[in-house]
Amino acid sequence: MIKYCPRSGFTLIELILVIIILGVALVGLMDQFSLVITRTAKPVSTYVALNLAQGLLAEVLSKDFEDTGLPAGSFGREAGELLAGPRNLFDDVDDYDDWTSQPPQDRQGLVLSDFTQYTRNVIVANVLSDDLDSDTTDGSTDYKKIQVQVLWLSDEEVVLSGLKIKK
Ligand SMILES: [Ca+2]
Ligand SMILES: [Ca+2]
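Rules used in this analysis
Residues numbered from 1 in each chain as written. Chains lettered and ligands numbered in written order. Predicted model: local features only at pLDDT ≥ 70, side-chain atom pairs only at ≥ 80, totals over all residues. Helix = DSSP H or I, 4+ residues; strand = E, 2+ residues; numbered from the N terminus. Rg over C-alpha atoms; globule rule 2.2 N^0.38 Å. Buried ≥ 20, exposed ≤ 12 C-beta atoms within 10 Å, placed from the backbone. Contact = placed C-beta atoms within 7 Å. pLDDT = per-residue confidence, 0-100. Pairing = 2+ DSSP bridges. Core = buried A, V, L, I, M, F, W, Y, C linked by C-beta atoms within 7 Å.

Observations regarding the overall build of the protein chain
Each helix and strand in the protein chain was counted, giving 1 helix and 5 strands. When the helices and strands of the protein chain are placed in sequence order, the string is α-β-β-β-β-β. Over its C-alpha atoms the protein chain spans a radius of gyration of 29 Å, topping by over 25% the 15 Å that the globule rule assigns to 167 residues. Expressed along its principal axes, the backbone C-alpha trace of the protein chain runs to roughly 110 × 35 × 25 Å. Burial status across the protein chain gives 16% buried among its 167 residues. Pairs at least 24 residues apart make up 49% of the contacts formed inside the protein chain by residues separated by at least 6 positions.

Structure representation (structure tokens):
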């Protein structure tokens, strides 16, 4: 004996409604998903920029306060040290003043090909011992402030500062 079941499945209208509801829900989920991706990518690029800045700041701070072969108060690059680099010729802190590289380069001048979207800049300035925020005349004090700036995208920036004191 065959039993009659008046309703065994979905009607076409029910299926269309389910598809519409799932479509709306999927659009909402995709919006949230893309937001999560955007928020996740930004800290990674900030972390990379911070590492690029830390590496260059550590390099600058490892150099002498000033050129040991010149009179005290000398400032800037000496003969043979070019703004275009390479940095492996730099031997004192103020050699790095106004250094910029886009894309970033290593000390030998080789491009760091994984970081081509970043720009690194260095500014070195003499400051007073009681006012580290104000620049003063080049070579006039025993304190040099080093600022390393890393830029990427159109408006992202990391700036790290260090202080080199004459021994
Ligand atoms: Ca110098
Ligand atoms: Ca030098």
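Observations regarding the confidence of the model for the protein chain
Overall, the predicted model of the protein chain reaches an average pLDDT of 91, with 96% of residues at or above 70. Per-element confidence in the protein chain is highest for strand β4 (residues 143-152), whose mean pLDDT is 98, and lowest for helix α1 (residues 12-61), whose mean pLDDT is 88.

What about the environment of W99?
Within the secondary structure, W99 sits in the loop between α1 and β1 (100-101). According to the C-beta neighbour criterion, W99 is buried, with 21 such atoms within 10 Å. Sequence-wise, W99 and G85 are 14 residues apart; in three dimensions their C-alpha atoms are separated by 8.4 Å. Discounting residues that sit within four places of it in the chain, W99 has contacts with L83 and V122.

Re the pairing of β4
Note: strand β2 (residues 118-128) against β4, 9 bridges, orientation antiparallel. Each bridged residue has a counterpart across the sheet, and for N126 the counterpart in β4 is K144. Of the pairings in the sheet, the one linking β4 to strand β5 (residues 156-165) comprises 10 bridges and is antiparallel in character. Across the sheet, V150 pairs through a bridge with V158, a residue of β5.

So, the environment of I165
Mapped onto the elements, I165 comes out in strand β5. We classify I165 as exposed; it has 10 C-beta atoms within 10 Å. Distance from I165 to K144, taken between C-alpha atoms, is 6.5 Å for residues 21 residues apart in sequence. Those residues within four positions of I165 in sequence are excluded, and the remaining contacts are D142 and Y143.

Let's talk about the nonpolar core
Core analysis: the biggest nonpolar cluster contains 16 residues, and A53, Y96, V122 and V150 have the highest contact counts within it. Going through the elements one at a time, α1, β2 and β4 are the ones with two or more residues in this core. The biggest single contributor to this core is α1, with 5 residues.

Here's the deal with the pairing of strand β3 (residues 131-135)
Little of β3 is tucked away, with 0 of its 5 residues classed as buried. Bridging between β2 and β3 involves 2 bridges; their strand directions are antiparallel. Opposite L128, over in β3, you have D131 as the bridge partner. Hairpin remark: β2 followed by β3, antiparallel, with 2 residues in the connecting loop.

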